[in-house]
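A look at the structure
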Amino acid sequence: MYAQMVKSEATNEDPEKLAAFQARIDAGEKIEPKEWMPEGYRKTLIRQIGQHAHSEIVGQLPEGNWITRAPTLERMAILLAKVQDEAGHGLYLYCAAETLGVSRDELTEALLSGKMKYSSIFNYPTLNWADIGAVGWLVDGAAIMNQVPLQRTSFGPYSRAMIRICKEESFHQRQGYDIMMKMAQGTPEQKAMAQDALNRFWYPSLMMFGPSDKDSVHSAQSMAWKIKINTNDELRQKFVDQTVPQAEYLGLTIPDPELRWNEEKGGYDFSEPDWSEFFEVIKGNGPCNAERMEARQKAWDDGAWFREGLMAHARKRAAAKVAAE
Amino acid sequence: MSSEWPLWEIFIRGQHGLNHRHVGSLHAPDAEMAVKHARDVYTRRNEGVSIWVVPSAAITASSPSEKGPLFEPSNSKVYRPPTFFDIPEEVGKM
Ligand SMILES: [Fe+2]
Ligand SMILES: [Fe+2]
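This report concerns the structure included in the present document. Within each chain, residue numbers correspond to sequence positions counted from 1 in written order. Starting at A for chains and at 1 for ligands, labels are handed out in the order in which the entities are written. Side-chain atom pairs in this predicted model are given and counted only at pLDDT of 80 or more, local residue features only at pLDDT of at least 70, and totals for whole chains, interfaces and linings cover all residues. Water and hydrogen atoms were dropped before computing side-chain values, which therefore reflect all heavy atoms in the structure.

Examining the interface of chain A and chain B
By a frequent convention, interface size equals the accessible area lost on bringing the separate parts together. Applied cut-off: Every residue pair with non-hydrogen atoms within 4.5 Å of one another is taken to be in contact. Each salt bridge in this description consists of a side-chain nitrogen of Lys or Arg and a carboxyl oxygen of Asp or Glu lying within 4 Å of one another. Within 3.5 Å is the distance limit for a polar contact, defined as a pair of N or O atoms, with the added protein rule that one can donate a hydrogen and the other accept it, and that residues adjacent in sequence qualify only through two side-chain atoms. Numbering of helices and strands runs from the N terminus; a helix is a DSSP stretch of H or I covering at least four residues, while a strand is a stretch of E covering at least two. Under the convention adopted here, Pro, Cys and the residues Ala, Val, Leu, Ile, Met, Phe, Trp and Tyr are nonpolar, Asp, Glu, Lys and Arg are charged, and Gly plus all remaining residues are polar.
On the side of chain B, 22 residues touch chain A, which itself brings 24 residues to the contact. Run the count over chain A and chain B and you get 6 salt bridges. The salt bridge involving Asp85 of chain A is made with Arg44 of chain B; its shortest N-O contact spans 2.8 Å. At the boundary of chain A with chain B, the tally comes to 12 residue pairs in polar contact (both at pLDDT 80 or more). Elements with a minimum of two residues in the side of chain A that touches chain B: α4 (73–98), α5 (104–112), α7 (156–184) and α13 (304–324) of chain A. No other element matches α13 of chain A, which puts 8 residues into the side of chain A that touches chain B. Considering only residue class, the side of chain A that touches chain B consists of 8 nonpolar, 3 polar and 13 charged.

This is the structure:
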């Protein structure tokens, strides 16, 4: 997902306090920043929310790539608004992470040094306009699967950020599907482009949910703390079940010969993505990892004079105001 | 010197006649920029007709450990809600 394979931190604290904390979570109470929480809860959340925030920000790059080349002015305005939303999502999430005692600059530096990750999906290229349709439809679609249950997460600021984000996400998925409909109903060449985009984005989208975690101790701890609500496999299954009929409507074929309806489980059987590819991508060896990090590093470096300049201006104005009083 | 912009708490009046409500926070170098950023971050879909920005450092909050002494006393004041009193029907609307 936008936060993949987040390791939970061990906690060794007063068992009585821990039990009281767990009881609050089990009762559905929200934990707020100034309240007592186990160190492990705090650290795991910083890692998870930070990774989620970085994904929103880095996720602007593959789509930003097509803003100036959108086929119509209207499509351009829509894509611009979508990408701007993603910037907003990153900001809501950074602020939620900051309430846990980490600074924005620390989070940015951890991304740039490679200490913190972002979702594997954004290391794939967007080669043509159909890819923008596929990203909105599949990537935002997969993100929604994970974000909707996270609205109920136990940490108050995270939950509130997720509620805001979910309000904006279905626009993202619909604009993507709208592009796919247009392409699929277009010329044979356009339809072939749509099929090609689906072929390339299908398995990377399935990877977004992360490898199976049904036996993972980290996931069990995160689920007890309600900072993870479903297992990766549950979400992946839901995503496939929802997406297959949407592909059928478009007249496109999911690139999986093993895909078939399983009456017994009431869902589709489908092929697993190539997990060795996934591990290579998160290690930094995906098609666009270097390019994405370069873009973030350049934005950070090139913006330094601007951030400092505005701060110097603000200090000067504040001093002048004091002097005038 | 750190150039990290200070944090601001953002309050938005959603519609005429309503209170400003806390919607979140953001970083900005000064109050004017905080208002501009708040417009971009928190009102992209007509969510507001007015914005307040307050430096986060200027907020004093009650502490979670005081929850009991602060809020429990009102639990026992059961006579404060009007439904505490039974008024006979003949009296009419009250
Ligand atoms: Fe997003
Ligand atoms: Fe999105």
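Quick notes on the coordination of the iron ion (ligand 2)
Ideal geometry at a metal gives 109.5 degrees between four tetrahedral donors and either 90 or 180 degrees between six octahedral ones. Residues and elements named next belong to chain A. We apply this condition: Any nitrogen, oxygen or sulfur atom within 2.8 Å of a metal ion counts as a donor, with the limit raised to 3.2 Å for Na, K and Ca, and since water is left out, coordination shells can look unfinished. All geometry calls rest on donor angles, where a four-donor set with angles between 85 and 135 degrees is tetrahedral, four- and six-donor sets with opposite donors more than 155 degrees apart and all others between 65 and 115 are square planar and octahedral, and all else is irregular.
The protein atoms that coordinate the iron ion (ligand 2) are Glu86 (OE), Asp140 (OD), Glu169 (OE) and His172 (ND1), at distances spanning 2.0 to 2.3 Å. What the 4 donor atoms of the iron ion (ligand 2) show is an angle range of 84 to 169 degrees at the metal, which sorts the shape as irregular. If you list the donors of the iron ion (ligand 2) from N- to C-terminus, the spacing comes out as E-x53-D-x28-E-x2-H. Separating the iron ion (ligand 2) and the iron ion (ligand 1) is a distance of 3.3 Å, and Glu86 donates to both of them.

Quick notes on the nonpolar core
Residue and element names in this part refer to chain A. Selection rule: We define the nonpolar core as a collection of buried residues of types Ala, Val, Leu, Ile, Met, Phe, Trp, Tyr and Cys that are connected through side-chain atoms lying within 4.5 Å of one another. Three labels apply to residues, based on accessible area from a 1.4 Å probe with only protein chains included: buried if under 20% of the type maximum, exposed if over 50%, partly exposed otherwise in between.
Residues Trp129, Trp137, Val139, Phe201, Phe239 and Val240 are the most contacted members of the largest nonpolar core, which totals 51 residues. Residue assignment for this core shows that the elements contributing at least two residues are α4, α6 (129–150), α7, α8 (188–207), α10 (232–250) and α11 (275–285). Top contributing element to this core by residue count: α6, with 11 residues. In this structure Phe239 touches Leu138, Gly141, Ala142, Met145, Trp202, Ser205, Leu206 and Phe209, once residues within four positions along its chain are discounted. Core analysis: the second largest hydrophobic core is formed by 38 residues, Tyr41, Ile49, Ala110 and Ile165 among them.

Some thoughts on the pattern of salt bridges
Tallied over the entire structure, the rule returns 25 salt bridges over all chains. For Arg200 of chain A, the salt bridge goes to Asp196 of chain A, with nearest N and O atoms at 2.9 Å. Note that Arg200 of chain A and Asp196 of chain A are positioned in helix α8 at a spacing of 4 residues, about one turn of the helix. Judged by its relative accessible area of 26%, Arg200 of chain A falls in the partly exposed class. The exposure class of Asp196 of chain A is partly exposed, given its relative accessible area of 30%. In this structure, the salt-bridge partner of Arg317 of chain A is Glu32 of chain B, at a minimum N-O distance of 3.0 Å. Remark: Glu32 of chain B occurs in helix α1 (residues 31–42) and Arg317 of chain A occurs in helix α13; the pair is interchain, linking two chains. Take Arg317 of chain A: its relative accessible area is 42%, and that puts it in the partly exposed class. Under the relative-accessibility criterion, Glu32 of chain B is labelled partly exposed at 43%. Each of Arg24, Glu29 and Glu35 of chain A together with Lys67 of chain B takes part in a single network of salt bridges with overlapping partners.

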